[in-house]
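What follows is each chain in one-letter form.
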Amino acid sequence: MAAMNASLPPAPARAFASDNAAGAHPAVLQAVLEANEGHALAYGADRWTAEAQARFRDLFGPTTESFLTWNGTGANVMALGTMVQPGDAVVCSEWAHIAVDETGAPERCLGTKLLPQPTTTAKLVPEQLEHLAHLQGVQHHAQPGVVSITQSTELGTLYTPDEVAALCDTAHRMGMRVHLDGARIANATAALGGTVAALRAFTVDAGVDVVSFGGTKVGGLGGEAVVYLDPTLARRAQYVRKQVNQLPSKMRFVAAQFNALLHDQLWITLADHSNRMATRLYEATRTVPGVAYDAAPQVNSVFPLLPADAIAPLRDWCFFWDWDVSRNQVRWMTAWDTTEDDIDRFAAGVRAFVAG
Ligand SMILES: Cc1ncc(COP(=O)(O)O)c(C=O)c1O
């Protein structure tokens with residue numbers, strides 16, 4: 001091992017733990033600094049928030065409404081809180097962040113049951129909604145009232161615009177509303193064409209009602225937005241946001257981050273870079289003996305299967321998280337600031353620790 005390590009380059013400066021392990025983009029920091037001039041009214045009555053709201057209307061359409069929040073879990077809870085009725089359930093994939101990684105926040109805060117559906121791709125299909133029709137109108141069952149999908153998904157997969165549209169058609173026909181968890185909506189937009197039209201194709205045009213729009217994972221310091229594509233659902237939004245502790249007092253600083261990210265499509269440029277780095281990482285490691293992949297990356301994460309005894313030393317050298325321990329599967333995730341040099345060094349480490 002000592003000889004092997006001697007031939008290794010130093011570990012990459014940026015590891016592959018997650019896109020929220022990355023720092024904030026300099027343009028975001030600059031925008032926050034510029035917003036730090038003097039006093040501004042709190043709770044969103046400031047010019048930076050007005051600008052961010054205008055930018056979201058430019059993205060999604062003039063009748064849409066946006067509300068800034070602190071984080072993604074809170075954005076999801078707020079969004080769902082304005083969509084569910086008493087007695088409702090939220091249908092989601094079994095991989096959904098709301099079901100797996102939010103410590104039961106939607107259930108606790110909203111008193112709403114989740115109905116996670118089995119899927120190997122983290123994507124729902126319309127038939128899964130149709131199978132829930134037998135619950136509807138039966139007083140012993142929580143009523144499927146909202147479908148929540150994630151784009152891009154927790155498994156790094158993507159819904160096509162047609163797939164989202166088919167889900168929305170079925171959901172709406174069954175009297176349900178559709179929420180899209182877009183913590184990585186930038187990565188999805190970049191992968192599906194990299195334009196505002198591409199974003200609209202899988203959101204507004206497809207019939208999604210409410211979007212949680214992520215800023216944190218694409219170069220923000222921290223901040224998300226809940227965007228109501230159906231503005232009738234926004235009627236109680238400001239009250240629900242406060243109730244679920246997501247009303248930023250100094251909102252100008254969250255708004256300034258979005259103003260920087262949404263300027264000149266920086267959010268798409270950064271996500272596109274992150275996606276391309278994942279493809280580079282996949283290409284650089286897929287032929288290494290001992291490394292196996294189920295699929296090529298669609299966005300900014302890869303999920304290799306590794307020999308069990310290589311995982312710990314490789315991780316000690318350059319950190320990443322386990323994914324499915326039963327299969328020795330790990331997750332390597334790239335970020336807006338991952339460099340080609342990071343990838344090349346890491347691939348050299350993979351060759352040394354895995355192929356030995
Ligand atoms: C799919 C998805 N939704 C929402 C979130 C938001 O999480 P947080 O509350 O940590 O901002 C994340 C973060 O990992 C995520 O991956």
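Here the structure is a predicted model, which means the values were calculated and not measured.

Chemist: Just give me the short version of helix α3 (residues 47-60), but keep the residues and values in it.
Modeler: Each full turn of the α-helix corresponds to 3.6 residues, which orients residues three or four apart in the same direction. Taking 1.5 Å of rise per residue, the 14 residues of α3 would be expected to cover 20 Å, and the 20 Å separating its terminal C-alpha atoms lies within 8% of that figure. Among the residues making up α3, those that are buried are Trp 48, Thr 49, Ala 52, Phe 56, Leu 59 and Phe 60. The buried residues of α3 occupy an angular sector of 100 degrees when projected down its axis, which confines them to one face. Among the exposed residues of α3, those oriented more than 90 degrees off its buried face are Arg 47 and Asp 58. Two to three positions downstream of the cap, the backbone nitrogen of Trp 48 sits 3.0 Å from a side-chain oxygen, assigning the N-cap of α3 to Asp 46. One or two steps after α3, the chain reaches Gly 61, where phi turns positive at roughly 125 degrees.

Chemist: Explain empty space enclosed by the protein to me, and be specific about the residues and the numbers.
Modeler: Where empty space is left can be seen by rolling a probe of water-molecule size over the atoms. In the structure shown here, the tally under the stated rule is 1 cavity of 30 Å³ or more. Each pocket or cavity is described by its volume, and for the largest cavity that value is around 30 Å³. Along its surface, the largest cavity is lined by Ser 93, Ala 96, Ala 122, Ser 148, Ile 149, Thr 150, Glu 154 and Tyr 159. Broken down by element, the residue count for the lining of the largest cavity peaks at 3 residues, all from strand β4 (residues 143-150). In terms of residue class, the lining of the largest cavity is built from 4 nonpolar, 3 polar and 1 charged.

Chemist: Which residues make up the packing of helix α2 (residues 26-34) against helix α12 (residues 251-262), and what values go with them?
Modeler: In the contact formed by α2 and α12, the axes pass within 8 Å of each other and the chain directions differ by 135 degrees. When the axes of α2 and α12 are compared, the pair comes out oblique. Seen from above, α2 lies across α12 with right-handed handedness. Contact residues: α2 offers Ala 27, Val 28, Ala 31 and Val 32, while α12 offers Phe 253, Ala 256, Gln 257, Ala 260 and Leu 261. Across the contact of α2 with α12, the residue classes break down as 8 nonpolar, 1 polar and no charged.

Criteria and cut-off values
Residues numbered from 1 in each chain as written. Predicted model: local features only at pLDDT ≥ 70, side-chain atom pairs only at ≥ 80, totals over all residues. Heavy atoms only, no water. Helix = DSSP H or I, 4+ residues; strand = E, 2+ residues; numbered from the N terminus. Expected span 1.5 Å × (residues − 1). Buried < 20%, exposed > 50% of the residue type's maximum accessible area, 1.4 Å probe, protein only. Arc of directions from axis to C-beta. Polar contact = N/O pair within 3.5 Å; in protein donor to acceptor, adjacent residues only side chain to side chain. 1 Å grid on protein atoms, 1.4 Å probe; cavity = no way out; pocket = protein on both sides within 12 Å on 5 of 7 lines; lining within 4 Å. Points joined across faces, edges and corners; volume = space filled by probe spheres on them. Nonpolar A, V, L, I, M, F, W, Y, C, P; charged D, E, K, R; others polar. Axes fitted to C-alpha atoms, helices over the stretch in contact; angles between N-to-C directions. Parallel < 35°, antiparallel > 145°, perpendicular 65-115°, else oblique. Left-handed = near helix turned anticlockwise from the far one by under 90°. Contact = heavy atoms within 4.5 Å.

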